[in-house]
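Working through the structure, step by step
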Amino acid sequence: MKKFEFRLQKVLEYREISEGWARDRYIAARAERLEAEATLAAIERRRLETVRGGAGSLDERLILERLLERMDDETRATKAALGVLCDEEAKAFLEWQARKQELKAMQKLREKAETEFRLEMSRLEQAALDEWATLRRQAVA
């Protein structure tokens, strides 16, 4: 019996690799977003700690005000970057889902082709057995 060979095997292999690349891009985008969220949370914690510390003199209050303004600037910049990273993550996720769907479709085609191949081989084997049985009866008779 001959061995099953999927005629689109190279395409299937490429789709598997492509899906892996898309998954890796999504994971990287997610990690970047989570890192930006952690940075934002750290800025907010530093801000709260700074405000709780208070300031006694006028110079300390001016320094505190400048520090808080700088933290506000960092917060705005981080939020802007976070928005971009969220968009990139969403696009990477959609791309990954599309590649995953293409891979599943190709795998289903392979399974269907293999099932048809096995059925055809079974039919050929049964036909060969039937012919052998018929020839044997004729030889015995």
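Now for a quick tour of the structure. (Residues numbered from 1 in each chain as written. Predicted model: local features only at pLDDT ≥ 70, side-chain atom pairs only at ≥ 80, totals over all residues. Heavy atoms only, no water.)

Turning next to the packing of helix H1 (residues 9-53) against helix H2 (residues 58-140). Closest axis-to-axis distance for the H1/H2 pair is 7 Å, and the angle between their directions is 160 degrees. Taken as axis vectors, H1 and H2 run roughly antiparallel relative to one another. The handedness of the crossing between H1 and H2 is left-handed. (Axes fitted to C-alpha atoms, helices over the stretch in contact; angles between N-to-C directions. Helix = DSSP H or I, 4+ residues; strand = E, 2+ residues; numbered from the N terminus. Parallel < 35°, antiparallel > 145°, perpendicular 65-115°, else oblique. Left-handed = near helix turned anticlockwise from the far one by under 90°.)

What follows is about the packing of aromatic side chains. The geometry of an aromatic ring pair is captured by two quantities: the separation of the ring centres and the angle between the planes. Inspection of every chain in the model, using the stated rule, returns five aromatic pairs. Measuring from centroid to centroid gives 5.2 Å for Tyr-26 and Phe-93, while their planes differ by 55 degrees, and the two rings are tilted. Note that Tyr-26 is positioned in helix H1 and Phe-93 in helix H2, a separation of 67 residues in sequence. Residue class for Phe-93 comes out partly exposed when judged on its relative accessible area of 33%. With centroids separated by 6.0 Å and ring planes inclined at 75 degrees, the aromatic side chains of Phe-93 and Trp-96 adopt a geometry described as edge-to-face. In this pair, Phe-93 and Trp-96 are both assigned in helix H2, three residues apart and thus about one turn of the helix distant. Put simply, the rings of Tyr-26, Phe-93 and Trp-96 touch in pairs and so form one group of aromatic residues. (Phe/Tyr/Trp six-rings, centres within 6.5 Å; stacked < 30°, edge-to-face > 60°. Buried < 20%, exposed > 50% of the residue type's maximum accessible area, 1.4 Å probe, protein only.)

So, about the nonpolar core. The biggest cluster of nonpolar side chains holds seven residues, and these are Phe-4, Phe-6, Leu-12, Leu-103, Met-106, Phe-117 and Met-121. Take this core: its biggest share by element is four residues, from H2. Apart from the residues within four sequence positions on either side, Phe-117 is in contact with Lys-2, Lys-3 and Phe-4. Ala-22, Tyr-26, Ala-29 and Ala-92 belong to the second-largest nonpolar core, a separate cluster that totals five residues. (Core = buried A, V, L, I, M, F, W, Y, C linked by side-chain atoms within 4.5 Å. Contact = heavy atoms within 4.5 Å.)

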